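A look at the structure
Read off the chains here:
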Amino acid sequence: MKIEDVVCPFCGCLCDDLVVEVEGTRIVSVENGCTLANEKFMGDHRLKTPIRREGKGWKETTYDEAIRETAQILCDADRPLLYGWSGTHGEAQSIGIHLAEILGALVDNTSTVCHGPSILAIQEVGHPGCTLGQVKNRADVVVYWGTNPIDAHPRHMSRYTTFADGFFLKDAFRDRKLIVVDVRKSESANIADEFVRIQPGGDYAVLSALRAIVQGKRSIIPPSVAGVSREQLFRVADLFLSAKFGAIFFGLGLTMSRGKSKNIRNAIELTEELNRHTKFIISPMRGHWNVYGSNEVFTWITGYPYAVDFARGIAFYNPGETTSVDVLSRKECDACLVVASDPGAHFPKACAEHLARIPTVQIDPHVNATTHLSRIQIPVAVTGIDAEGTAYRMDGVPIRTRMLFKGNYPSDTAVLEQLYAIVKEIKGP
Amino acid sequence: MKFLLNTGRTIRQGSYVERKNSVAYQEEATSLCMNPVDMMNLELEEGSQVRVESEKESVIMKVHPALWITPGEVFVCLGPYANHLVKPETHGSGMPDFKGTMVTITPTSEPLVTVAELMEQCGGVRYED
């Protein structure tokens, strides 16, 4: 059976035009998908049953036993951390936050190690953004700053920018100017009209120089700023100013390098300067398919987008203190529930060591680095394949993912609902 | 020699991200991209093994030539090997310096370790799927 308009649950593009052929509980072909989508749908490398660590080995266990033991671990802990959430649907994220509230736990999502600094900047100076549809139909200047969409978001260019014809851009590849700013000549930089190579850690200075040029202060620009020549800075600023509609997309090259949230703040303020001359927008390239959704769900329930601490009985938010890397490296939490992410692979070693030290439980369809650090792993259905639920695209548009077949695994929602019910029973009214 | 370690997504890393116990994932996550001029200075061939050391930690990786990287910098895809070298210090931001760790690179003949072995070094117990 061929299913059309399937939503891809891999990256923040949430491409919704895939055609997937299903035979029973097996996917046999994928059309329109990128390499990442093909691997996601065609890969069949799931953990078969719940597993539990016993001594120096692992034993299979049942869902009921695994969930009951997880509930007991969380209830016994003084400072549990509930981490992850970006690889599951909004309904499951919502249960996770309610679980954190009754446990008095700290709940954090993967923004903490991707666009957390972007959120901090947006909280300071706002977010002049728009939907990707607007970019596709209007943007004649596109900037990728500290991001390499060809590898990380392979269809971003073909669906929304360089290779996508739009309502006002009938020949997008020729009509749109593409500027790539990076410390390395990435695949995306190879096809840019203008590649701006910055010295590592120099983004803030280059953004400041561009702001000065846009403000008409060309005479104060030195011959070179963080490895970028004054001539190139003038050329890029002129491209910005000649745009009818410009779109800046930025990635972890800004959030993870020196300056972090202040880089983003400067980029947003450059966008604001440009809006005095023409129309410009700026948006983060979100990584996990539903990381934006985790920020939305966290915010509408707690008031804060990530790093929310319920230890005081109310929601408390202080990135740098209540963020997962800080909490784990301080050896503060004494139990951890990981849902739909892999901190073992993506956190520094000191954090992985603490996850191994404390009882860590993982709810995830696949064996990953965190599996080896855990005491229990509970496999679940993959949202968008054998479970359905709501996700948010990188531009904040909610999209309903579909269940392509009914498999044998419970969804994240089903497991978390059961876990929540047991915790509530243990905690009492 | 000292280098600035940069990390980021690669399409191969993304392709194997749900098979972290696989050889393919291990190969990608231990691939260290270096400018050929730096490789010449260190007398390294493509595929040579190197010890990559940060302030306190070290891992073994395989070097690959990359003209797209500036001399003095190296690139490894995000993953447990690169993150092994990154300090947990976030400077009050919540975000470690994933793109700004100084490392020392020296040739070695020591073997690569698997993801499971790396996690065992962190105190975990390997699960073979």
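Here the structure is a predicted model, which is why all the values come from computation and not from measurement.

1. Some words on the overall build of chain B
Along its length, chain B carries five helices and six strands. Secondary structure elements of chain B occur, N-terminal to C-terminal, as β-α-α-β-α-β-β-β-α-β-α. What you see for chain B is a C-alpha radius of gyration of 14 Å, in line with the 14 Å of a compact globule of 129 residues. Taking the principal axes of its C-alpha atoms as reference, chain B extends roughly 40 × 35 × 25 Å. A buried classification covers 50% of the 129 residues belonging to chain B. Across chain B, the fraction of contacts at a sequence separation of at least 24, relative to all contacts at a separation of at least 6, is 73%.

2. As for the domain arrangement of chain A
Note: interface size is frequently given as the accessible area lost on complex formation between the parts. Residues and elements named next belong to chain A. Domain parsing of chain A yields domain 1 (46-114 + 289-427) and domain 2 (116-284). Each of domain 1 and domain 2 has a C-alpha centre, and the two are 34 Å apart. With 11 residues of domain 1 at the contact, the number on the domain 2 side is 10 residues. Across the side of domain 1 that touches domain 2, the residue classes tally to six nonpolar, four polar and one charged.

3. Quick notes on the environment of A:Arg400
Residues and elements named next belong to chain A. With respect to the helices and strands, Arg400 occurs in strand β21 (residues 398-401). For Arg400, a count of 13 C-beta atoms within 10 Å translates into the label partly exposed. Sequence-wise, Arg400 and Val6 are 394 residues apart; in three dimensions their C-alpha atoms are separated by 9.8 Å. Those residues in contact with Arg400, other than ones at most four positions away along the chain, are Glu388 and Thr390.

4. Side note on the sheet that holds strand β19 (residues 376-378) of chain A
All names here are of chain A. Pairing in this open sheet of nine strands is mixed, and the strands run β5-β4-β19-β18-β17-β6-β7-β15-β16 from one edge to the other. A single partner strand is all that each edge strand has here, and the edge strands are β5 (57-60) and β16 (316-317). Looking at chain direction, strand β4 (residues 51-54) and β5 are connected through four bridges and run antiparallel. Residue pairing in the sheet places Arg52 in a bridge with Lys59 of β5. In the packing of helix α3 (residues 90-103) onto the sheet, the strands contacted are β6 (80-84), β7 (106-109) and β17 (335-339), and the crossing angle to β6 comes to about 170°.

5. A look at the sheet that holds strand β2 (residues 31-34) of chain B
Residues and elements named next belong to chain B. Strand order in the closed barrel made by the six strands is β1-β5-β2-β4-β3-β6, with mixed pairing throughout. Ignoring which end each strand starts from, the neighbouring axes of this sheet average 45° apart. Here strand β1 (residues 2-8) runs beside strand β5 (residues 73-77); their pairing, made up of five bridges, is parallel. The residue of β5 that forms the bridge with Leu4 is Glu73.

6. Some remarks on the environment of A:Ser324
Residues and elements named next belong to chain A. Among the secondary structure elements, Ser324 is positioned in helix α15 (residues 324-329). Between the alpha carbons of Ser324 and Ser118 there is a distance of 17 Å; along the sequence they are 206 residues apart. For Ser324, the contacting residues outside a window of four places in its chain are Leu81, Tyr83, Asp108, Thr112 and Pro343.

7. A closer look at the nonpolar core
Judged by nonpolar contacts, the single largest core of 171 residues is most densely connected at A:Val143, A:Ala267 and B:Val74. Viewed by domain, this core spans two of them, domain 1 (46-114 + 289-427) and domain 2 (116-284) of chain A, each represented by three or more residues. With sequence-adjacent residues up to four places away left out, A:Val143 is seen in contact with A:Ile179, A:Val181, A:Ala247, A:Ile248 and A:Phe249.

8. Considering the pairing of β1(B)
All names here are of chain B. Taking burial as the measure, the seven residues of β1 include five buried ones, the bulk of the element. Across four bridges, the pairing between β1 and strand β6 (residues 101-107) is antiparallel. Its bridge partner lying in β6, Leu5 is registered against Thr101.

9. Side note on the packing of helix α4 (residues 116-125) of chain A against helix α13 (residues 261-274) of chain A
Residues and elements named next belong to chain A. Put simply, α4 and α13 touch, their axes get as near as 8 Å, and they point 50° apart. Judged on the interaxial angle alone, α13 and α4 are oblique. Two packed elements cross with a definite hand, and for α4 against α13 that hand is right-handed. Taken together, the residues of α13 that come into contact with α4 (itself represented by Pro117, Ser118, Leu120, Ala121, Glu124 and Val125) are Ser261, Ile264, Arg265, Ile268 and Glu269. Residues belonging to the contact of α4 with α13 are distributed by class as follows: six nonpolar, two polar and three charged.

10. Considerations on the interface of chain B and chain A
Counting from both sides, the interface comprises 45 residues of chain B and, opposite them, 58 residues of chain A. Of all elements in the fold, only β1, α1 (11-15), β5, α4 (80-84) and α5 (115-121) of chain B reach the threshold of two or more residues within the side of chain B that touches chain A. Class assignment for the residues of the side of chain B that touches chain A results in 18 nonpolar, 16 polar and 11 charged.

11. Focus: helix α1 (residues 35-42) of chain A
Helical geometry note: an α-helix holds 3.6 residues per turn, so side chains three or four residues apart project in the same direction. Among the residues of α1(A), those classed as buried are A:Leu36, A:Ala37, A:Glu39, A:Lys40 and A:Phe41. Against the buried residues of α1(A) lie β2 (18-23) and β3 (26-31) of chain A together with α1 of chain B.

12. Thoughts on the environment of A:Glu60
Relative to the helices and strands, A:Glu60 resides in strand β5. When neighbours within four sequence positions are excluded, A:Glu60 is seen to be in contact with A:Thr49 and A:Ile51.

What counts, and at which threshold
Residues numbered from 1 in each chain as written. Chains lettered and ligands numbered in written order. Predicted model: local features only at pLDDT ≥ 70, side-chain atom pairs only at ≥ 80, totals over all residues. Helix = DSSP H or I, 4+ residues; strand = E, 2+ residues; numbered from the N terminus. Rg over C-alpha atoms; globule rule 2.2 N^0.38 Å. Buried ≥ 20, exposed ≤ 12 C-beta atoms within 10 Å, placed from the backbone. Contact = placed C-beta atoms within 7 Å. Domains from an automatic or database assignment. Nonpolar A, V, L, I, M, F, W, Y, C, P; charged D, E, K, R; others polar. Pairing = 2+ DSSP bridges. Axes fitted to C-alpha atoms, helices over the stretch in contact; angles between N-to-C directions. Core = buried A, V, L, I, M, F, W, Y, C linked by C-beta atoms within 7 Å. Parallel < 35°, antiparallel > 145°, perpendicular 65-115°, else oblique. Left-handed = near helix turned anticlockwise from the far one by under 90°.

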